[in-house]
Amino acid sequence: MRSFVLLASLLLTATTFAAKPNVLVIVADDLGYNDVGFQGSKEIPTPQLDKLAAQSVRCTNGYVSHPFCSPTRAGMLTGRYQQRFGHENNPAWLPESTVAGLPLSETTFPTLMKQAGYTTGAVGKWHLGAHPQFHPNRRGFDEYFGALGGGHVYFPGDKGGPEYQIPLNRNGTDEPQTKYLTDQFGEEAAAFVGRHAGEAKPWMLYLAFNAPHTPLQAPPEWLEKVGHIGSEQRRTYAAMVCAMDAAVGGVLAKLEETKQRENTLVYFVSDNGGPNLAARNLTNFTDNTPLRGAKGAVYEGGVRVPFLVSWPARLKPGTYDQPVMALDFLPTALAAAGAADVTPKNLDGVNLLPFLAGEKTGAPHETLFWRSGGPGGNNAVRRGNLKLVRIGTEAPQLYDLGADVGESKNLAGERPDVVRELVAAIAEWERGTVAPIFESPRAGKKKKAK
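Per chain, the residues get numbers from 1 upward, laid out in the order the sequence is written. Totals for whole chains, interfaces and linings use every residue, but because this is a predicted model, local features are given only for residues with pLDDT of at least 70 and side-chain atom pairs only at 80 or more, for both listing and counting. With hydrogens and water stripped out, all remaining heavy atoms of the structure feed into the side-chain values.

Caption draft 1: Structural detail: the overall build of the chain. Scanning the chain from N- to C-terminus turns up twelve helices and 16 strands. Atoms considered for the radius of gyration are the C-alpha atoms alone. The globule rule reads 2.2 Å times the number of residues to the power 0.38. Over its C-alpha atoms the chain spans a radius of gyration of 21 Å, differing by no more than 12% from the 22 Å that the globule rule assigns to 450 residues. In terms of its C-alpha atoms, the chain occupies a principal-axis envelope of roughly 75 × 55 × 45 Å. Here the term buried applies to any residue with accessible area under 20% of the maximum for its type, exposed to any over 50%, and partly exposed to those in between, with areas from a 1.4 Å probe on protein chains only. Among the 450 residues that make up the chain, the fraction classed as buried is 57%. Whether two residues are in contact is decided by their heavy atoms: any pair within 4.5 Å suffices. Summarising the internal contacts of the chain: among those between residues at least 6 apart in sequence, 69% fall at separations of at least 24. Under the convention used here, a 1.4 Å probe and the Shrake-Rupley method define accessible areas, while residue burial counts only the protein chains that appear. For the chain, the accessible surface area stands at approximately 17,900 Å², while carbon and sulfur atoms represent 53% of it. Here the chain holds 46 positive side-chain charges and 44 negative ones, and the gap between their average locations is 3 Å. Secondary structure follows DSSP: runs of H or I at least 4 residues long count as helices, runs of E at least 2 residues long count as strands, and numbering of each begins at the N terminus. Neither His nor the chain ends contribute to the count of charged residues, in which Lys and Arg are positive and Asp and Glu negative. Where a charge lies is defined by one atom per residue type: Lys uses NZ, Arg uses CZ, Asp uses CG and Glu uses CD.

Caption draft 2: Geometry of the packing of aromatic side chains. A pair of aromatic rings is counted whenever rings of Phe, Tyr or Trp (Trp by its six-membered ring) have centres within 6.5 Å, and the orientation is called stacked for planes under 30 degrees apart, edge-to-face for over 60 and tilted otherwise. According to the stated counting rule, one finds 14 aromatic pairs in the structure shown. Between Tyr63 and Trp370 the ring centres are 5.0 Å apart and the planes differ by 55 degrees, which places this aromatic pair in the tilted class. With Tyr63 in strand E3 (residues 62–63) and Trp370 in strand E13 (residues 367–372), this residue pair connects regions lying 307 residues apart in the sequence. Neither Tyr63 nor Trp370 differs from the other in exposure class; each is buried. Among the aromatic residues, those joined into a cluster by ring pairs are Tyr81, Phe369 and Trp429. We note Arg292 situated over the ring of Tyr299; from NZ or CZ to the ring centre the distance is 4.0 Å. Charge-over-ring placement is defined geometrically: NZ (Lys) or CZ (Arg) within 6 Å of the ring centre, and within 35 degrees of the ring normal. The ring of Trp370 has Lys387 sitting right over it, with the charged end atom 5.6 Å from the ring centre.

Caption draft 3: Quick look at the packing of helix H2 (residues 47–54) against helix H7 (residues 232–257). Structural elements are reduced to axes, namely lines fitted to C-alpha atoms, with helices fitted over the stretch in contact, and the angle between N-to-C directions of any two is expressed from 0 to 180 degrees. It is the contact of H2 with H7, at a shortest axis distance of 7 Å, that shows an interaxial angle of 50 degrees. Taken as axis vectors, H2 and H7 run oblique relative to one another. Mapping the contact onto sequence places Pro47, Gln48, Leu49 and Leu52 in H2 and Met244, Asp245, Ala246, Val248, Gly249 and Leu252 in H7. Under the convention adopted here, Pro, Cys and the residues Ala, Val, Leu, Ile, Met, Phe, Trp and Tyr are nonpolar, Asp, Glu, Lys and Arg are charged, and Gly plus all remaining residues are polar. In terms of residue class, the contact of H2 with H7 is built from seven nonpolar, two polar and one charged. An angle below 35 degrees is treated as roughly parallel, one above 145 as roughly antiparallel, one from 65 to 115 as roughly perpendicular, and anything else as oblique.

Caption draft 4: A look at the pattern of salt bridges. One side-chain nitrogen of Lys or Arg within 4 Å of one carboxyl oxygen of Asp or Glu is enough to make a salt bridge. This structure, assessed with the given rule, holds 24 salt bridges. With a shortest N-O distance of 2.6 Å, Lys125 and Asp29 are connected by a salt bridge. With Lys125 in strand E4 (residues 119–125) and Asp29 in the loop between strand E1 (22–28) and H2, this residue pair connects regions lying 96 residues apart in the sequence. Here Lys125 matches Asp29 in class, with each residue buried. In this structure, Arg371 and Glu88 form a salt bridge, with 2.8 Å as the shortest nitrogen-oxygen distance. Note that Arg371 is positioned in strand E13 and Glu88 in the loop between helix H3 (69–76) and helix H4 (109–115), a separation of 283 residues in sequence. Through salt bridges with shared partners, one network takes in Asp29, Arg73, Lys125 and Asp271.

Caption draft 5: Representation of the sheet that holds strand E5 (residues 143–147). When DSSP finds at least two bridges between two strands, those strands are taken to pair. Ordered in space as E7-E6-E5-E4-E8-E1-E9-E10-E2-E11, the ten strands form an open sheet in which the pairing is mixed. Looking at which strands have only one partner, the edges of the open sheet turn out to be strand E7 (173–175) and strand E11 (318–320). Strand-to-strand twist across the sheet, computed as the mean angle between neighbouring axes with direction ignored, equals 15 degrees. The sheet contacts of H2 involve strand E9 (264–270) and strand E10 (307–310), and relative to E10 the element is tilted by about 60 degrees. Here helix H9 (residues 329–336) sits on the sheet and contacts E1, E9 and E10; the angle it forms with E9, its principal contact strand, is near 175 degrees.

Caption draft 6: A look at the pairing of E13. In terms of residue burial, E13 counts as a mostly covered element, since six of its six residues are buried. Burial along E13 is two-sided: the residues Thr367, Phe369 and Arg371 and Leu368, Trp370 and Ser372 are all buried. Relative to strand E14 (residues 378–383), E13 runs antiparallel, the two being bridged by six bridges. For Trp370, the partnering residue across the bridge sits in E14 and is Ala380. Between E13 and E14, which pair antiparallel and follow one another directly, the connecting turn spans five residues, one of which, Gly373, has a positive phi of 95 degrees.

Caption draft 7: Molecular detail of the sheet that holds strand E16 (residues 397–400). Pairing is antiparallel in the open sheet, where four strands are placed in the order E13-E14-E15-E16. Either end of the sheet is taken by a strand with one partner, and the two such strands are E13 and E16. Sheet twist, expressed as the average angle between the axes of neighbouring strands with direction ignored, equals 15 degrees. Pairing geometry for strand E15 (residues 386–391) and E16, over four bridges, is antiparallel. Opposite Val389, over in E16, you have Gln397 as the bridge partner. Along the sheet, helix H11 (residues 416–430) contacts E13, E14, E15 and E16; its crossing angle with E15, the most-contacted strand, is approximately 65 degrees.

Caption draft 8: Structural context of helix H5 (residues 181–195). Here the expected span of a helix is defined as 1.5 Å times the quantity of residues minus one. Over its 15 residues, H5 runs 21 Å from end to end, which matches the ideal 21 Å to within 8%, given 1.5 Å per residue. For H5, the complete set of buried residues consists of Leu181, Thr182, Gln184, Phe185, Gly186, Glu188, Ala189, Ala190, Phe192 and Val193. Next to the buried residues of H5 lie E4, E5, strand E6 (168–170), strand E8 (203–208) and H7.

Caption draft 9: Representation of unusual backbone geometry. In this structure, Pro215 follows Thr214 across a cis peptide bond, with omega equal to 10 degrees. Here Pro215 lies in the loop between E8 and helix H6 (220–225). The omega angle of the peptide bond from Thr289 to Pro290 is 5 degrees, so this bond is cis rather than trans. By secondary structure assignment, the location of Pro290 is in the loop between E9 and helix H8 (300–303). In this structure, Asp30 is a non-glycine residue whose phi angle is positive, near 70 degrees. Among the structural elements, Asp30 can be located in the loop between E1 and H2.

Nothing here speaks to function; it is geometry throughout.
In structure tokens, the structure reads:
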């Protein structure tokens, strides 16, 4: 009898492990809204991402929680609005600073997944603090390989700022860059997938490309692939997108090869909208059509992004039109893992599974919020199809995204009641936030210049 009970227990444990999906979070950096095939691009071929989209629920109203890099990542890796803990700016590369990074008070996505029985790994760009206390291995990741700063040169030996030339890092030890960086990150991610195939424990991998963020550097073979694009800067950017697409394809192929694809929950998102870098003597080489604005703006072009969720074992491919946010990745993954017991109560993200599976109707979020620049900065709030934008001390603007996704017709004068309601909603939300705990590098430069 005791042997039977032991066998039953072992079978139950194995079944539980088998039922938990692997989790793969793929993040692009500064990708334009209309710069991949599944979003409508005819200029940039992205067959691997298009294949993933065909296997996914494509969220047509998918957002990130901030219009630029590090704050978005802080929100994604905590499931909470980053303004709640003061991570509202990009941290400078300051290895001596114990403040400029994701606060240690916050429990991270990989820490929670470890509690749920997962092996955790990260590959790529970190940008969540340079001090050793912020290192990925100390924030919940069992394995890490990548660039700890906010960006990096793409070819070994290329010139760039000090932060962009630091050695790559593997689990706390410096390593040289050996090839085009996007390729190297893709190969490392595929190796992680292969290394943990067949293990009893499921895994979670955070794959954060720095592509197609500047500097604009691309391999000749991909430049040739997009030779039809006239603008040199857009052509280079497009080639970088193609290289990232191929790297994603390599990771997905490894999932197929090791028979893990069916039970792997895959997210794909950009950290913000494509930038407009005209102020730096660069053309506007990204395409956020049909959205207004770009990276850094609380208009749609800054925060609405390509957004895919794929889990073949559970979710039927298609589109989902209700507003969702990358803050939802963490609680959705914990729900998929059956880890209600370790799910924090203070999350702003929600479990999307019943909505994406068609088991639950209505909107996952009643209201979504954005703020950039701290209290008194720029705000936006979306409730249903109505979105209010407030730029500093300017009069609020109101848009109906259902009829005007390009935010071209300001309805504030026609709907003062809605304006008051949404301004009040922002004020209520801001009571649960704090001022930024560190400044962005550019803010510091501006002060020195004065």
